[in-house]
Amino acid sequence: MTTQTERPKPVIRLGDRVFARSTLIAGSLILVALAAVAIFLIVEAIPALGADTTELKGSPSNFWTYVGPLAFGTVWAAFLALLIAVPLAVGIALFISHYAPRRLAQGLAYVIDLLAAVPSVVFGLWGIKVLAPAVQPVYAWLTDNLGWIPIFSGPVSGTGRTILTVAIVLAVMILPIITAMAREVFLQTPKLHEEAALALGATRWEMVKMAVLPFGRSGLVSASILGLGRALGETMAVAMVLSPSTVISFVLLQSENPNTIASNIALNFPEAHGTGVNVLIATGLILFVITFAVNFIARAIVARRKEFSGAN
Amino acid sequence: MSKRIEVRDLNVYYSKFRAVEGVSLTIEPRSITAFIGPSGCGKSTFLRTLNRMHEVIPGARVEGEVLIDGDDLYGPGVDPVLVRRQVGMVFQRPNPFPTMSIKENVLAGVKLNNRRISKSDADDLVEKSLRGANLWNEVKDRLDRPGSGLSGGQQQRLCIARAIAVSPDILLMDEPCSALDPISTLAIEDLMEELKKEYTIVIVTHNMQQASRVSDKTAFFNIAGTGQPGKLIEYDDTNTIFTQPNVQATEDYVSGRFG
Ligand SMILES: Nc1ncnc2c1ncn2[C@@H]1O[C@H](COP(=O)(O)OP(=O)(O)O)[C@@H](O)[C@H]1O
Ligand SMILES: [Mg+2]
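This section reports on the structure supplied with the text. Not measured: the values here are computed from a predicted model.

A closer look at the site of ligand 1
Residues and elements named next belong to chain B. Every residue near ligand 1 is listed here: Tyr14, Phe17, Ala19, Ser39, Gly40, Cys41, Gly42, Lys43, Ser44, Thr45 and Ile57. In this structure, Tyr14 approaches ligand 1 through a side-chain N or O atom, which is 3.3 Å from a nitrogen atom. Within the side chain of Ser44, one N or O atom sits 2.6 Å away from an oxygen atom of ligand 1. Of all the elements in the fold, those that place two or more residues in the shell around ligand 1 are strand S2 (17-27) and helix H1 (43-49). The element contributing the most residues to the shell around ligand 1 is H1, with three residues.

Points about the nonpolar core
If you look at the biggest cluster of nonpolar residues, it comprises 59 residues, and the most contacted ones within it are Leu170 and Leu252 of chain A. For this core, the secondary structure elements donating two or more residues are helix H1 (14-49), helix H2 (63-99), helix H4 (120-146), helix H5 (163-187), helix H7 (204-233), helix H8 (236-241), helix H9 (261-268) and helix H10 (275-304) of chain A. In terms of residue count, the dominant contributor to this core is H2 of chain A (14 residues). Once residues within four sequence positions are removed from consideration, Leu170 of chain A is found in contact with Ala77, Ala81, Ala231, Glu234 and Val238 of chain A. Grouped together as the second largest cluster of nonpolar side chains are 53 residues, Ala93 of chain A together with Val12, Ile27 and Phe91 of chain B included.

Points about the sheet that holds strand S1 (residues 5-14) of chain B
All names here are of chain B. The strand order S5-S4-S1-S2-S10-S9-S3-S8-S7-S6 describes an open sheet built from 10 strands, whose pairing is mixed. Only two strands of the sheet have a single neighbouring strand rather than two, namely strand S5 (71-72) and strand S6 (87-90). Bridge count for strand S9 (residues 217-223) against strand S10 (residues 230-237) is seven bridges, and the pairing is antiparallel. Opposite Asn222, over in S10, you have Lys231 as the bridge partner. Sitting on the sheet, helix H6 (residues 152-165) touches S6 and strand S7 (170-174), and the angle it makes with S6 is about 170 degrees.

Some thoughts on the layout of surface pockets
It is the rolling of a water-molecule-sized probe over the atoms that shows where space remains empty. Approximately 820 Å³ is the volume attributed to the largest pocket. Forming the walls of the largest pocket are 29 residues, and the residues nearest its centre are Ser97, His98 and Arg204 of chain A together with Val56 and Pro58 of chain B. At the level of secondary structure, the elements contributing two or more residues to the lining of the largest pocket comprise H2, helix H3 (102-116), H5, helix H6 (191-199) and H7 of chain A together with helix H2 (80-86) of chain B. Taken together, the residues of the lining of the largest pocket sort by class into 16 nonpolar, four polar and nine charged.

The rules we used
- Residues numbered from 1 in each chain as written.
- Chains lettered and ligands numbered in written order.
- Predicted model: local features only at pLDDT ≥ 70, side-chain atom pairs only at ≥ 80, totals over all residues.
- Heavy atoms only, no water.
- Near = heavy atom within 4 Å.
- Polar contact = N/O pair within 3.5 Å; in protein donor to acceptor, adjacent residues only side chain to side chain.
- Helix = DSSP H or I, 4+ residues; strand = E, 2+ residues; numbered from the N terminus.
- Core = buried A, V, L, I, M, F, W, Y, C linked by side-chain atoms within 4.5 Å.
- Buried < 20%, exposed > 50% of the residue type's maximum accessible area, 1.4 Å probe, protein only.
- Contact = heavy atoms within 4.5 Å.
- Pairing = 2+ DSSP bridges.
- Axes fitted to C-alpha atoms, helices over the stretch in contact; angles between N-to-C directions.
- 1 Å grid on protein atoms, 1.4 Å probe; cavity = no way out; pocket = protein on both sides within 12 Å on 5 of 7 lines; lining within 4 Å.
- Points joined across faces, edges and corners; volume = space filled by probe spheres on them.
- Nonpolar A, V, L, I, M, F, W, Y, C, P; charged D, E, K, R; others polar.

Here's what the structure looks like:
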């Protein structure tokens, strides 16, 4: 067609030009928004670092003693949620991908996806009205019978509104995304390897252990971390369910529970004034950093197995 | 241990579609039997019914009988999982488990069902199986390296080692050399000659020279047209099939006039 030496000016259609421009603008807007948020957080957070914090709830001596229990509560609740959600998600995903008859599998996958569409306020209400009263007797039983295990030690919360209840609510909330991703990964297991296992005389479960799980391992890791990211940032459900205090404590069933950063901001922002606002924003910055770190790890892991592009 | 396979009037269906119709044949122990025929005539389908691997495909089912040393493969109460431990299979594309080392690959079948095996027994079995697959000398220094790091031909021999490690009676091979270079192909053909002393071997091949080189008996399958079921046209000594077949279609096929 055209020779190298002439280099005619390439013809670009108007449509292409408009499209290229608008994607460029959209892309830049995202970066600008992210930068704006980061700058806002940092600028507003700086006064908090040296601020007098004794007027805040719990009278912490400085910002770090204030944010410490919150950061702990955030990570602890998200970690517990992950601990509950991942095995469940793997089980459901395996059932959908390798056990259920096709019709049932499709229906189940649909229900799981619907779960992702439920607003978190609804989960919060469910947590208070249904889950907490329902699990309270179980918690009482646990403290009575397994109280010698430190995390189950008493006295048990009378309302059932503890960090464990929060973790359960969070687990239900992150279940859909982890399940959906795990299902995709499991479905991508090469037939070749499944048949290799079956032809050796593997049962279905042995085939799953030999071929499906090893193949899906890194995809599962990134699915879990994405779920973790969501659990870290969840506000409403935690704010509604938890009756917080400022402690760093691993116990699951008592009425003294660490709050999470996001929920703490939601609870205290309406009444905050002066440097109190800056302190809350600074805790937001800490949450930003934690979430960013988690996402960064997820990206790094996903990048190692590019074929699971369903991850992003 | 090597066993006789008797097939009586076997039909294979994928849901409503009949892929294979009315196959009857007897395969002797300690022999190599080759299945040849044009693509889509049901060779793989039929082969997979010999260890019930077709059941992995939803909707696939058989009518008729397959007897292994007189025992009905499809009798009531026969567990397909146990069938597959007796009747091993090697696939068209080498499929070692990518996350396992060479050694773990060889032991994969042995470790199923939580069977325990001592370390020295395991090492012996690995060596014996890899020697049996003519692979030992090439990999003995890197048994803990991943199996997927081997060449295609070595991977296929690793798959054979994995299959014979569970001491099956019968070994089914579905075009085991079609993804391999000529040298690796020869290595596998030599290996089959060795394995024949202990196993009943059934091999599907597209390669007519390969069938005539390695097999004792040859079965020619054909289809009348697309959508028609595949049928066993002629089954005889390999020599007869390739020099003086009884059916015109067989002669046309082996002389390269179609397929
Ligand atoms: N999983 C399957 N589902 C439905 N039909 C199949 C399946 N596998 C093979 N078939 C059909 O069965 C027939 C025989 O196929 P196959 O046994 O693979 O032939 P060959 O191995 O001789 O090339 C073909 O018509 C093919 O389309
Ligand atoms: Mg085939």
